[in-house]
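Now for the letters of each chain:
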Protein chains: 2
Amino acid sequence: MSKPIDDIVDNPAEQRDDRVQPDIDKTLSGQTTIALREAIIKGQIAPGEKLNEPTLAEQFQVSRGPLREAIRRLVAMRLVRHVPHVGASVVTLELDDIMELYDVREALEGKAAALAAENMSEHDIAKLKELLEVHRLHSENNAGEYMQTEGDFDFHYQIIKGSGNRLLTDQLCDELYHLIRMFRFQTSRFKSRSNRALIEHDQLIYAIEQRDPQLAEILMRKHIARAKASIRDTLTKPATENQ
Amino acid sequence: MSKPIDDIVDNPAEQRDDRVQPDIDKTLSGQTTIALREAIIKGQIAPGEKLNEPTLAEQFQVSRGPLREAIRRLVAMRLVRHVPHVGASVVTLELDDIMELYDVREALEGKAAALAAENMSEHDIAKLKELLEVHRLHSENNAGEYMQTEGDFDFHYQIIKGSGNRLLTDQLCDELYHLIRMFRFQTSRFKSRSNRALIEHDQLIYAIEQRDPQLAEILMRKHIARAKASIRDTLTKPATENQ
DNA sequence: GAGCTCTTGATTGTCAACAATTTGGTCTAC
DNA sequence: GTAGACCAAATTGTTGACAATCAAGAGCTC
């Protein structure tokens, strides 16, 4: 009974990525892509910093070829900007960029929730409910820490996959997902919405269970819109007011 | 009075792309990207066909380096699939893929219309209205031929740009836009929706003019959903029934 | 001293050769 | 005759060297 959710909960973020692109790291450029991506997301390479090809190639122990390819993939992923004959640099996520990102997220994940209500299998819905229960326990024990990060990602991830739309899944999980991860690494100081998120997730599951696409979409959009508003409030006010 | 719209109407599709990425063709790999992209979209390289690197490099008169880079960009654009150590091949757009594409389009362009209703300048709205009038005249004179192709793109393009969301604009105009172009080149036989599209565009402009985001979003989503349904009907029925 | 031009250094873009992997065919064993 | 292993050709992945372009600083002119 508890087995089926173990393989969801116990997986860290990296492992989850590999399931989406299982053979990207068989090649050198694939490994470099992941390594460089994580270095950027975790801030080991600062936002706005220039990506010097010879230096990074030395650093990752590869030639400039695979490194350039990795950079190009991160450009497509919008983690890196590139200007011809000038070079590549890590994107700087201003507040405006995050707001734009969350508007796109609202549109895409809203549709994903609607499609999930239509297409998700009963088995996957059951798994989702168990997942939420695990998160609820974690939240009670660890004062809401877990829910904010990987737990929230897991939940949204499962719903997106449940939409059955591969294009939608790729766009959200392979591209925008990493941008959000990068943002969260940069600003880990915004107000916890753990309890509220749990309630909203609860309602969302109910809508999916009832096979109500419109309600599921509305709930997901409001959920993301509130997260967006929360971020804006936190980042526009001085940091001292948030205690 | 007629000047401001000339620079919209008289531009072919290629020129419009260059405005989005003005300096992509300064470099060899950029030129190769565009050339290969157009060859794929226009069907000069058949769907499913393998992209042989030495052959294509010879064909485009470049080395394998820039060609590989072009391929990678088209992979990010979802026009090409790539399997490590096996190679790249042109995507095959099945009906399911188009349906998925239009679901994503519905979500993104719906949000774009809502944002356009909020953010579009009065000047841009006026230009949009003039653009629609030009299309109406073209449609009356040429029996609805123009509207189906570039005219429709122009209209949607302006609204997307009017959203003011750069991420949204990039995703739609730089990536999904080319997938739709490819699909239209492959199947140019589906039922004309010219008159209906004109009416729906009319209503959409009205909603934007009234600064009504919710209505604009609903109208745009219905507009795209109807186009999706029309495509499904045409492609699932035998071709002889469409006359 | 300010502004311009030229030059130099560094960095990116491109190329051609080398290495590694896959695929298709052939041969052998059962 | 079929299944499996092995071999060879073709293709992709990778490398290091070369060419083109840009940015910064020195020197010169006004």
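Let me begin by describing the structure that accompanies this report. Quantities reported herein were computed from a predicted structural model and do not represent experimental measurements.

**Digging into the packing of aromatic side chains**
Working definition: an aromatic ring pair is given by the centre-to-centre distance plus the angle between the planes.
Residues and elements named next belong to chain B.
Inference 1: Scanning the entire structure with this criterion turns up 3 aromatic pairs over all chains.
Inference 2: Arranged with centres 5.0 Å apart and planes meeting at 70 degrees, the rings of Phe-153 and Tyr-177 form a pair that is edge-to-face. Residue Phe-153 is found in helix α8 (residues 145-162), and its partner Tyr-177 is found in helix α9 (residues 166-186); the two are separated by 24 residues along the sequence. Here Phe-153 matches Tyr-177 in class, with each residue buried.
Inference 3: One aromatic cluster is present, built from ring pairs that chain together Phe-153, Tyr-157 and Tyr-177.

**A closer look at unusual backbone geometry**
Inference 1: One non-glycine residue, Arg211(A), lies in the positive phi region at around 60 degrees.
Inference 2: Within the fold, Arg211(A) resides in the loop between α10 (194-209) and α11 (213-236).
Inference 3: On the basis of relative accessibility, which here comes to 31%, the residue Arg211(A) falls in the partly exposed class.
Inference 4: With a phi angle near 60 degrees, Gln61(B) is a residue other than glycine that sits in the positive phi range.
Inference 5: Within the secondary structure layout, Gln61(B) lies in the loop between α4 (53-60) and α5 (64-76).

**Some details on the protein's contact with DNA strand D**
Inference 1: Within the structure, DNA strand D sits among 22 residues, and Thr27(A), Leu28(A), Ser63(A), Arg64(B) and Arg68(B) are positioned closest to it.
Inference 2: What you see for DNA strand D is that sugar and phosphate hold 72% of its atoms within 4 Å of the protein.
Inference 3: Take Ser63(A): an N or O atom from its main chain is 2.9 Å from a phosphate oxygen of DNA strand D.
Inference 4: A distance of 3.1 Å is found between a phosphate oxygen of DNA strand D and a side-chain nitrogen or oxygen belonging to Arg72(B).
Inference 5: Where the surface near DNA strand D is concerned, the elements lending two or more residues are α3 (28-41) and α5 (64-76) of chain A together with β1 (50-51), α4 and α5 of chain B.
Inference 6: Across the surface near DNA strand D, the residue classes break down as 7 nonpolar, 9 polar and 6 charged.

**Notes on the pattern of salt bridges**
All names here are of chain B.
Inference 1: Inspection of every chain in the model, using the stated rule, returns 50 salt bridges over all chains.
Inference 2: For Arg-37, the salt bridge goes to Glu-38, with nearest N and O atoms at 3.2 Å.
Inference 3: Under the relative-accessibility criterion, Arg-37 is labelled buried at 6%.
Inference 4: Where Arg-221 meets Glu-217, a salt bridge forms, and the shortest distance between an N and an O atom there is 3.9 Å. Highlighted residues: Arg-221 and Glu-217, both in helix α11 (residues 213-236), separated by 4 residues, approximately one helical turn.

**Examining the protein's contact with DNA strand C**
Inference 1: The immediate surroundings of DNA strand C are formed by 21 residues, with Arg64(A), Arg68(A), Thr27(B), Leu28(B) and Ser63(B) found nearest.
Inference 2: At a separation of 3.3 Å, a phosphate oxygen of DNA strand C approaches a polar side-chain atom of Asn52(A).
Inference 3: Taking His82(A), its side chain carries an N or O atom lying 3.3 Å from a phosphate oxygen of DNA strand C.
Inference 4: Only β1 (50-51), α4 (53-60) and α5 of chain A together with α3 (28-41) and α5 of chain B provide two or more residues apiece to the surface near DNA strand C.
Inference 5: When residues of the surface near DNA strand C are assigned to their parent elements, the largest contribution, 3 residues, is made by α5(A).
Inference 6: Looking at the surface near DNA strand C residue by residue, the classes come out as 7 nonpolar, 8 polar and 6 charged.

**Looking at the sheet that holds β1(A)**
Residue and element names in this part refer to chain A.
Inference 1: Strand order in the open sheet made by the 3 strands is β1-β3-β2, with antiparallel pairing throughout. The open sheet has two free edges, formed respectively by β1 and β2 (80-83), since each of these has just one partner strand.
Inference 2: One ladder, built from 4 bridges, connects β2 with strand β3 (residues 87-90); its direction is antiparallel. Considered in β3, the bridge of Val-83 is made with Gly-87.

**A few points about the sheet that holds strand β2 (residues 80-83) of chain B**
All names here are of chain B.
Inference 1: Spatial strand order, β1-β3-β2: 3 strands in an open sheet with antiparallel pairing. Strands at the two margins of the open sheet, each flanked by one partner only, are β1 and β2.
Inference 2: Of the strand pairs in this sheet, β1 and strand β3 (residues 87-90) are connected by 2 bridges, and their pairing is antiparallel. Paired with Lys-50 across the two strands is Ser-89, which belongs to β3.
Inference 3: Lying on the sheet, α5 is in contact with β1, β2 and β3; it crosses β2 at an angle near 110 degrees.

**Digging into the interface of chain A and chain B**
Inference 1: Each partner contributes residues to the interface: chain A has 30 residues there, and chain B has 30 residues.
Inference 2: The largest per-residue losses of area from chain A upon contact with chain B belong to Arg78(A), Glu100(A) and Leu167(A), which jointly make up 21% of the total buried on that side.
Inference 3: Along the contact surface separating chain A from chain B lie 18 salt bridges.
Inference 4: Between Arg166(B) and Asp97(A) there is a salt bridge, and its shortest N-O distance comes to 3.0 Å.
Inference 5: Counting only elements with at least two residues in the side of chain A that touches chain B, the list comes to α5, α6 (95-119), α9 (166-186) and α11 of chain A.
Inference 6: Here the element with the most residues in the side of chain A that touches chain B is α6(A); it accounts for 11 residues.
Inference 7: Of the residues in the side of chain A that touches chain B, the class split is 10 nonpolar, 3 polar and 17 charged.

**Observations regarding the relation of the copies chain A and chain B**
Inference 1: Placing chain A over chain B gives an RMSD of 0.1 Å and needs a rotation angle of 180 degrees, together with 0.0 Å of translation along the axis. The transformation relating the two chain copies, once decomposed into turn and shift, fits a two-fold axis. Judged by C-alpha distance, Ala107(A) is the residue of chain A that lies nearest the rotation axis, at 2.6 Å.
Inference 2: When the interface residues of chain A are mapped onto chain B, 100% of them are again interface residues, pointing to one common binding face.

What counts, and where the lines are drawn
Here the residue numbers are simple positions, counted from 1 along each chain's written sequence. As they are written, the chains are lettered A onward and the ligands numbered 1 onward, keeping that order. Given that this is a predicted model, residues contribute local features only at a pLDDT of at least 70 and side-chain atom pairs are listed and counted only at 80 or more, while totals for whole chains, interfaces and linings are drawn from all residues. Excluding hydrogens and water, the side-chain values take into account all heavy atoms of the structure. Each pair of aromatic rings taken from Phe, Tyr and Trp, with Trp reduced to its six-membered ring, is defined by centres within 6.5 Å and is described as stacked if the planes are under 30 degrees apart, edge-to-face if over 60, and tilted in the remaining cases. Numbering of helices and strands starts at the N terminus; helices are DSSP runs of H or I of at least 4 residues and strands are runs of E of at least 2. A simple rule labels every residue: compare its accessible area, found with a 1.4 Å probe on the protein chains alone, to the largest value its type can have, and call it buried under 20%, exposed over 50%, or partly exposed in between. Note on terminology: near, applied to a residue and a molecule or strand, indicates that one of the residue's heavy atoms is within 4 Å of it. Nitrogen and oxygen atoms within 3.5 Å of one another constitute a polar contact, given that in protein one can donate a hydrogen and the other can accept it, and given that sequence-neighbouring residues count only through two side-chain atoms. The residue classification treats Ala, Val, Leu, Ile, Met, Phe, Trp, Tyr, Cys and Pro as nonpolar and Asp, Glu, Lys and Arg as charged. All others, Gly included, are polar. Salt bridges, as used here, are contacts in which a Lys or Arg side-chain nitrogen is within 4 Å of a carboxyl oxygen on Asp or Glu. A pair of strands is treated as paired once DSSP finds two or more bridges between them. The criterion used for residue contact is that any of the two residues' heavy atoms lie within 4.5 Å. Every axis corresponds to a line fitted to the C-alpha atoms, with the helix fit spanning only the stretch in contact, and the corresponding angles, defined between N-to-C directions, vary from 0 to 180 degrees. By buried area we mean how much accessible surface two parts lose on assembly, using a 1.4 Å probe and totalling the loss over both. When the copies are superposed, the least-squares fit takes in the C-alpha atoms of residues with a pLDDT of at least 70 in both.

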